Every structure is written in structure tokens, then in C-alpha cells.
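Chain by chain, the residues:
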Number of protein chains: 2
Amino acid sequence: MSEGKLILLPNLLDEEGVAEAWLPAAVAASVRSLQGVIVESEKTARRYLRKFLSHEEMARLPLRLLNEHSKSADLEALLEPLLRGECWGLLSDAGLPCIADPGADLVWAAQNRSIQVEAGVGPCSLLLALQLSGLPSQRFAFHGYLPRESALLEKKVEELELFSNKENSTQVCIEAPYRSQKLLDCLIQRLRPTTRLCVAASLTTVREQVVSKQVGAWRSQSVVLGKEPAVFLFFSP
Amino acid sequence: MSEGKLILLPNLLDEEGVAEAWLPAAVAASVRSLQGVIVESEKTARRYLRKFLSHEEMARLPLRLLNEHSKSADLEALLEPLLRGECWGLLSDAGLPCIADPGADLVWAAQNRSIQVEAGVGPCSLLLALQLSGLPSQRFAFHGYLPRESALLEKKVEELELFSNKENSTQVCIEAPYRSQKLLDCLIQRLRPTTRLCVAASLTTVREQVVSKQVGAWRSQSVVLGKEPAVFLFFSP
């Protein structure tokens with residue numbers, strides 16, 4: 001086994017977040033042990049790393065990009081220092097690497113080259129939303145983004161509701177902040193009145209808003225979502 | 001809105017675990033703010049609470065049970081002090097409440113009575129396994145326990161592999177420690193050689209073992225799982 005190591009660093013969900021509230025103390029020591037960091041974007045990564053490192057330490061720490069523009073061939077170059085025995089971090093702009101975020105291909109390549117991979121604990125909006133929703137979690141499915149086009153979206157929502165009912169499984173999806181209201185309106189309109197629907201927005205911030213009730217109750221009292229990141233969950237009993 | 005609050009406390013995955021490594025410092029303050037704790041089992045809960053409380057504080061803290069033997073009617077009694085404005089915790093024997101663990105019904109009842117619900121951050125075996133597997137996480141589905149009977153299990157595994165391929169979704173399941181080896185053998189035997197299969201066992205402990213490779217490679221070199229808790233993940237490209 002190579003001595004190199006890849007550490008999946010947990011980020012906060014929001015830049016306002018306080019590290020002590022949401023990250024174990026061990027994260028600071030992990031960051032200080034790194035010889036480089038693979039980041040989703042440089043600017044956001046620097047703000048995070050400054051919580052744990054001095055300016056001098058920051059200046060010495062090489063950063064490399066891995067994001068939606070990266071190609072498979074880039075993975076080999078990123079792993080090269082780890083194959084030489086170095087310890088690198090992987091950091092998303094928010095939340096956990098590899099959870100609805102870049103990184104899985106890099107971890108797969110690392111696992112298949114016997115590079116040690118470690119993951120730190122931090123806030124994950126999907127998981128917090130699932131806990132706070134009160135919807136069943138013995139079975140659940142995360143679908144990422146649903147289709148944007150209205151007719152396709154409506155069809156997908158109805159499919160997922162049938163699936164939820166048949167499989168006894170909570171359905172979870174996300175949407176870009178500026179499209180959240182449209183998705184919420186569609187869910188309220190298309191799901192059955194007895195289906196349980198939760199919206200969890202701006203988690204871990206002072207603007208956090210979690211509303212969880214039956215679709216029938218949503219129809220009589222909805223909420224206005226700002227342009228905030230939100231997780232949508234529903235369960236058809 | 002009621003002034004009462006329900007705090008979903010993160011537990012460690014293993015009693016050997018060190019709180020500083022896996023829990024934010026804020027968890028200690030949360031625990032100290034509680035007027036009671038709803039627990040999955042008393043003995044395990046006391047071991048956790050002792051990390052944060054003195055013997056005197058422990059002795060004053062009421063514990064109430066919520067587990068697989070609880071009935072719907074019990075929820076009302078559990079929420080009663082929160083409706084009077086008290087702040088209570090909810091604690092699983094390991095990992096996070098409400099994630100493949102009891103608690104969702106209580107949170108649903110709390111959300112529908114406008115009791116404030118907060119969730120703390122801690123280790124979650126499903127999420128750590130998904131990150132460490134290197135399998136795609138833009139879509140994933142958690143199925144809990146698969147059927148025990150061999151023919152039903154084989155049928156289910158084949159169904160889930162088709163679903164993974166069609167939906168581009170990583171499939172995640174768990175098994176009781178003493179049945180882990182049987183499930184692993186079945187997965188290696190029934191899945192296609194090109195399907196990616198990961199087993200993540202004893203996460204966050206010194207016995208942690210994560211193996212992630214194609215089923216073809218598993219067939220030429222498998223592993224022996226001890227009687228350890230494990231998460232199983234597969235993805236059919």
C-alpha cells in the first residue's frame with residue numbers, strides 16, 4: 001500500500017457558519033497535516049482554509065482544481081503527488097465532497113490504486129433535511145435535480161410519488177435557488193393531499209426554514225421561498 | 001410557536017470513538033442545555049452522556065425510551081414536556097437519530113405541533129460509506145435491510161442492479177453483522193462483473209475496512225468480513 005492519503009474535508013454549508021458549531025476539532029489538525037488541497041473553487045477554498053491556517057501556511061499550500069469542468073485525464077495528475085506518498089485534502093465549496101458534489105471519480109481512482117482515503121464529519125444538507133423532516137428514513141432515495149421542463153417535471157414528480165408509495169421510501173431532491181419556488185409550486189400542485197412534503201431551506205444559517213406537513217395543508221398555507229438553497233422531500237404513505 | 005425544543009443529538013458509531021475526532025465542540029453545550037433525553041437504550045445513552053456531564057448532572061437528567069417497541073401513543077407522552085417549553089434531546093445507540101433509526105415519527109409529531117427541532121452534526125455510516133466508496137453520488141437510494149430468504153434476496157439484488165443502471169443511481173443497503181458475509185457472497189455472485197461494489201465495515205474504528213472495486217475483481221479476490229457492522233453499495237454503469 002502507498003503511504004499517500006486523500007482526506008475528504010468537510011466544509012460548512014454557508015460562509016456565515018461557525019466552525020466550532022458544525023465541525024469536529026480534529027478537522028483543524030487534518031487541515032494542518034496536508035501537503036496540498038484539491039478544491040472545487042480557489043476563492044471559496046481559501047476562505048475555509050484561513051479558519052485553520054496562518055497566512056504563511058496558506059501561501060505554502062498548493063491548491064489544484066477539481067470541478068464540473070475537470071476531465072478524466074486530470075485525475076491522474078491530481079493523484080500523482082499522493083502516489084509519491086503525500087497527504088492531500090479534497091474540499092467542496094459547501095458541504096461534503098462526493099455527496100452530490102465532485103470527487104467520486106477521484107476517490108474511485110484512489111481506492112483502485114490503494115491510496116488511503118479518509119472522510120471527516122461535517123454538515124450535509126441532505127441528511128439534516130431528512131432528519132428534520134420527520135419523514136421515514138428506513139428507505140430513501142436522492143434524485144439530485146429533477147427535469148427543468150414543466151411537462152417532464154410533472155411526469156417525474158408523479159412517478160416518484162408512485163415509487164415512494166410502492167417502496168415505502170422518502171424521495172429527496174434539490175433545485176438551484178432561483179428555481180426553488182417553481183419546484184415547490186409543482187410539488188404542492190401535483191402530489192396527493194395525503195403525501196407528506198418537507199422543504200428545508202438555508203440549513204445551518206440564521207435564515208433556516210424547515211416546513212414539513214401534508215400536501216393538503218401546504219395547499220391551504222404555503223410559504224414563499226427566497227432565492228435560498230433548499231432540499232425537497234416527500235413521502236406517500 | 002411553543003418555546004420547547006427537540007435536539008437530535010449525534011452519537012458516535014462505536015463506543016471506542018473519540019468525541020473530539022467526530023463531534024463538533026458545540027455538542028457538549030447542547031447536551032448541557034437539556035432538561036431530559038429520549039434514548040434508544042438507557043445503558044448506551046448513559047455511556048454517551050457521561051462524556052459531557054458530571055455524575056450529579058447525569059443523576060438529575062430524566063431519560064425516556066423510544067425504540068422499536070414504542071407505540072404511536074407513546075409519542076404524545078414524550079412530547080408533553082416539550083409542549084410545556086422544555087428542551088429535550090433525542091439520541092440513538094449509534095450514529096444519527098432518524099437515519100435508519102427511530103425518531104422520524106417523533107420529529108413529524110414535533111414539527112406538526114410547532115416544536116422547534118434542531119439537528120447536530122456527527123458521523124453517519126451511510127454517508128461516510130458513500131463518500132469513501134468512490135461510487136457516483138449524484139443519485140443514490142438507501143434500502144435498509146434486503147430480504148433474508150435466499151431466493152427473495154437474489155431477486156431483489158437483480159432488481160436493484162437494473163434500477164441502478166436505468167436511473168444512474170448508487171444502491172446502498174445494510175445488514176446485521178452476523179449476516180454480512182452471506183450478503184457479500186450473494187452480491188459477488190449475482191451482480192454483473194462490471195458493476196462496482198463497495199463494502200465499508202467498522203467505519204470510524206481501528207478495524208475500519210473499505211474495499212471498492214468491480215465485481216469481476218471481487219470474484220478473483222474477496223475479503224472475509226468479521227461480525228462487524230457494514231454498509232454495502234453498488235453501481236451498475
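The structure we're discussing is the one just above.
Scope of this entry: the structure provided in the associated data block. (Residues numbered from 1 in each chain as written. Chains lettered and ligands numbered in written order. Predicted model: local features only at pLDDT ≥ 70, side-chain atom pairs only at ≥ 80, totals over all residues. Heavy atoms only, no water.)

## Thoughts on the environment of Glu57(A)
Residues and elements named next belong to chain A. Counted only if it meets this: Runs of E in the DSSP output that reach at least two residues are strands. Runs of H or I that reach at least four are helices, and both are numbered from the N terminus. A 1.4 Å probe rolled over the protein chains alone gives each residue an accessible area, and that area as a share of the maximum for its type sets the label: buried under 20%, exposed over 50%, partly exposed in between. Between N or O atoms, a polar contact is any pair within 3.5 Å; within protein, one atom must be a potential hydrogen donor and the other a potential acceptor, and residues adjacent in sequence are included only when both atoms are from side chains.
In this fold, Glu-57 is placed in helix 4 (residues 55–60). Classification of Glu-57 as partly exposed rests on a relative accessible area of 29%. Once the C-alpha coordinates of Glu-57 and Ala-230 are considered, the two residues, 173 residues apart in sequence, prove to be 35 Å apart. Only 2.8 Å separates the side chain of Glu-57 from the backbone nitrogen of Ser-54, close enough to count as a polar contact.

## Things to note about the sheet that holds strand 1 (residues 5–9) of chain B
Counted only if it meets this: Pairing between strands is defined by DSSP: at least two bridges between them are needed. Axis definition: a line fitted to C-alpha atoms, over the contacting stretch in the case of helices. Angles run 0 to 180 degrees between N-to-C directions. Throughout, a residue-residue contact means that at least one pair of heavy atoms, one from each residue, lies within 4.5 Å.
Taken in spatial order, the 5 strands make up an open sheet running 3-2-4-1-5 (chain B), and their pairing is parallel. The open sheet has two edge strands with one neighbour each: strand 3 (63–65) and strand 5 (116–119) of chain B. Neighbour-to-neighbour, the strand axes of this sheet turn through a mean angle of 25°, independent of strand direction. In terms of strand pairing, strand 2 (residues 36–39) of chain B meets strand 4 (residues 87–91) of chain B through 4 bridges, oriented parallel. Bridging from a neighbouring strand, Val39(B) pairs with Leu91(B) of strand 4 of chain B. Those strands touched by helix 7 (residues 125–133) of chain A are strand 1 and strand 5 of chain B, and its axis lies near 145° from that of strand 5 of chain B. Across the sheet, helix 3 (residues 42–49) of chain B touches strand 1, strand 2, strand 3 and strand 4 of chain B, and the angle it forms with strand 3 of chain B is around 145°.

## Some words on the sheet that holds strand 6 (residues 140–145) of chain B
The sheet built from 10 strands is open, its strands ordered 9(A)-8(A)-10(A)-7(A)-6(A)-6(B)-7(B)-10(B)-8(B)-9(B) with mixed pairing. Each edge of the open sheet is held by one strand with a lone partner, namely strand 9 (209–214) of chain A together with strand 9 (209–214) of chain B. The average undirected angle you get between the axes of adjacent strands in this sheet is 15°. Examined bridge by bridge, strand 6 (residues 140–145) of chain A and strand 7 (residues 170–175) of chain A share 4 bridges and lie parallel to one another. Across the sheet, Phe142(A) pairs through a bridge with Val172(A), a residue of strand 7 of chain A. Helix 7 of chain A contacts strand 6, strand 7, strand 8 (196–201), strand 9 and strand 10 (230–235) of chain A together with strand 6 of chain B of the sheet and is inclined by roughly 45° relative to strand 10 of chain A. Packing of helix 7 (residues 125–133) of chain B onto the sheet brings it into contact with strand 6 of chain A together with strand 6, strand 7 (170–175), strand 8 (196–201), strand 9 and strand 10 (230–235) of chain B, and relative to strand 10 of chain B it is tilted by some 45°.

## Some thoughts on the interface of chain B and chain A
For clarity, the cut-off: We define buried area as the total accessible area lost by two parts upon association, computed with a 1.4 Å probe and summed across both. By salt bridge we mean one thing: a side-chain nitrogen of Lys or Arg within 4 Å of a carboxyl oxygen of Asp or Glu. As a working rule, the residues Ala, Val, Leu, Ile, Met, Phe, Trp, Tyr, Cys and Pro are called nonpolar, Asp, Glu, Lys and Arg charged, and the rest polar, with Gly in that last group.
Counting residues at the interface gives 53 residues for chain B, matched by 53 residues for chain A. Both faces considered, chain B and chain A share a buried interface measuring about 4,200 Å² in area, 60% of it formed by carbon and sulfur atoms. Counting the contacts that link chain B with chain A gives 2 salt bridges. Put simply, Lys156(A) and Glu167(B) hold a salt bridge, and the shortest N to O gap is 3.7 Å. Summed over the shared surface of chain B and chain A, the result is 14 residue pairs in polar contact (both at pLDDT 80 or more). For the side of chain B that touches chain A, the secondary structure elements donating two or more residues are helix 1 (19–22), helix 6 (104–111), strand 5, helix 7, strand 6, helix 8 (150–167) and strand 9 of chain B. The biggest single contributor to the side of chain B that touches chain A is helix 7 of chain B, with 7 residues. When its residues are assigned to classes, the side of chain B that touches chain A shows 32 nonpolar, 13 polar and 8 charged.

## A word on the pairing of strand 1 (residues 5–9) of chain A
Residues and elements named next belong to chain A. Buried residues dominate strand 1, accounting for 4 of its 5 residues. Inspection of the sheet shows strand 1 paired to strand 5 (residues 116–119) by 4 bridges, in the parallel sense. Directly across from Leu-6, in strand 5, lies its bridge partner Val-117. Looking at chain direction, strand 1 and strand 4 (residues 87–91) are connected through 5 bridges and run parallel. Within strand 4, the position partnered with Ile-7 by the bridge is Gly-89.

## Topic: the nonpolar core
We apply this condition: Buried residues of nine kinds, namely Ala, Val, Leu, Ile, Met, Phe, Trp, Tyr and Cys, make up a nonpolar core once their side-chain atoms join them within 4.5 Å.
In terms of nonpolar packing, the biggest core is built from 78 residues, with Leu6(A) and Leu6(B) touching the most fellow members. If we skip the residues at most four places from it in the chain, Leu6(A) touches Ile38(A), Leu82(A), Trp88(A), Gly89(A), Leu90(A), Leu106(A), Val107(A), Ala110(A), Ile115(A), Gln116(A), Val117(A) and Glu118(A). By size, the runner-up hydrophobic cluster in this structure holds 46 residues, among which are Phe52(A), Leu53(A), Leu12(B) and Phe52(B).

## Concerning the pairing of strand 10 of chain A
Residues and elements named next belong to chain A. By the criterion of burial, strand 10 is predominantly enclosed, with 6 of the 6 residues buried. In the sheet, strand 7 pairs with strand 10 via 5 bridges, with the strands oriented antiparallel. From the neighbouring strand, Cys-173 faces strand 10, where its bridge partner is Phe-232. Both strand 8 and strand 10 contribute to a ladder of 6 bridges, which runs antiparallel. Across the sheet, the residue bridging to Val-199 is Phe-232, located in strand 10.

## Examining the state of the cysteines
Heads up, the rule is: What counts as a disulfide here is a pair of cysteine sulfur atoms lying within 2.5 Å.
Per the stated rule, a full pass over the model turns up 0 disulfides over all chains. Lacking any disulfide linkage, Cys98(A) is separated from the closest cysteine sulfur, that of Cys124(A), by 12 Å. In this structure Cys173(B) is a free cysteine whose sulfur lies 9.6 Å from that of Cys186(B), the closest cysteine sulfur available. A residue is classified by how much of its surface remains accessible, and Cys173(B), at 1% relative accessible area, is buried.

## Looking at the pattern of salt bridges
Evaluation of the coordinates by the stated rule reveals 34 salt bridges over all chains. Its salt-bridge partner being Glu15(A), residue Arg47(A) comes within 2.7 Å of it at the nearest N-O pair. On the criterion of sequence distance, the pair formed by Arg47(A) in helix 3 (residues 42–49) and Glu15(A) in the loop between strand 1 and helix 1 (19–22) is long-range, its members being 32 residues apart. With relative accessibility at 35%, the residue Arg47(A) sits in the partly exposed group. Exposure remark for Glu15(A): the relative accessible area of 52% places this residue in the exposed category. In this structure, Glu154(B) and Arg190(B) form a salt bridge, with 3.4 Å as the shortest nitrogen-oxygen distance.

## Brief notes about the relation of the copies chain B and chain A
Where we set the bar: In this comparison the copies share one frame, found by least squares on the C-alpha atoms of residues holding pLDDT of at least 70 in both.
Rotating chain B by 180° and moving it 0.0 Å along the rotation axis overlays it on chain A with an RMSD of 0.0 Å. In short, the pair behaves as if placed about a two-fold rotation axis. The residues that chain B uses at the interface reappear at the interface of chain A in 100% of cases, marking a shared surface.

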